[in-house]
Amino acid sequence: MQLRLIALFAVLLALALAGCEQQPNASAGAAPPMSVVVGPVPGIGSPPQGQADPYANDVLGMAQGRKLFVWYNCYSCHGGHGGGGMGPSLRDRVWIYGSSDAQVFHSIAEGRGKGMPAWGLKIPQSQIWELVAYIKSMRTPQEPEPPR
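Residues numbered from 1 in each chain as written. Predicted model: local features only at pLDDT ≥ 70, side-chain atom pairs only at ≥ 80, totals over all residues. Heavy atoms only, no water.

In terms of helices and strands, the chain carries five helices and zero strands. Burial status across the chain gives 30% buried among its 148 residues. Taking the intrachain contacts of the chain between residues at least 6 apart in sequence as the baseline, contacts between residues at least 24 apart amount to 58%. (Helix = DSSP H or I, 4+ residues; strand = E, 2+ residues; numbered from the N terminus. Buried < 20%, exposed > 50% of the residue type's maximum accessible area, 1.4 Å probe, protein only. Contact = heavy atoms within 4.5 Å.)

Another aspect to go through is the layout of surface pockets. Estimated volume of the largest pocket: approximately 780 Å³. Lining the largest pocket are 32 residues, and of these H78, P88, L90, R112 and M116 sit closest to its centre. For the lining of the largest pocket, the elements supplying multiple residues, two or more each, are α3 (75-78), α4 (101-110) and α5 (125-137). Here the lining of the largest pocket takes four residues from α4, the largest share from any one element. Here the residues of the lining of the largest pocket sort into 19 nonpolar, 10 polar and three charged. (1 Å grid on protein atoms, 1.4 Å probe; cavity = no way out; pocket = protein on both sides within 12 Å on 5 of 7 lines; lining within 4 Å. Points joined across faces, edges and corners; volume = space filled by probe spheres on them. Nonpolar A, V, L, I, M, F, W, Y, C, P; charged D, E, K, R; others polar.)

Below, the discussion takes up the packing of aromatic side chains. Here the structure, examined in full by the defined rule, presents three aromatic pairs. Between the aromatic rings of Y72 and W119, the centroid separation amounts to 5.5 Å while the plane-to-plane angle is 50 degrees, which identifies the pairing as tilted. Residue Y72 is located in the loop between α2 (59-71) and α3, and its partner W119 is located in the loop between α4 and α5; the two are separated by 47 residues in the primary sequence. When its relative accessible area of 21% is taken as the criterion, W119 is described as partly exposed. Cation over ring: R112 sits above Y97, and NZ or CZ is 4.0 Å from the ring centre. (Phe/Tyr/Trp six-rings, centres within 6.5 Å; stacked < 30°, edge-to-face > 60°. Lys NZ or Arg CZ within 6 Å of the ring centre and 35° of its normal.)

Written out as structure tokens, the structure reads:
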């Protein structure tokens, strides 16, 4: 019993001494930050440049994009016709992360901070391009099922 207590004391003493050699932490005692980043941050990085949507002028691709918009529940955040809600409006003319085909593709595929999930590993690229075609058709005469 006494040998166990001595061994425990030696371990505790070694741990305490090991901690003494660390550099003092300037933020010791400070509250932890409200947002701690673990792993890659969605949306950071350069969007693909110059890549055009293969469904940009394809009426069937835009219609399929509308179906996917509903199927993948995009409307729950962006509104039934992309007018906004919990997520930003997709009908605006100016977007935070850019409105080129490649930038919209990148936002869908890689996600964005503050709520936009990354879909790139969940759905095929062709479907992402169809979603881009639908989103880019908003506010145009080609928009499938425009709001009334």
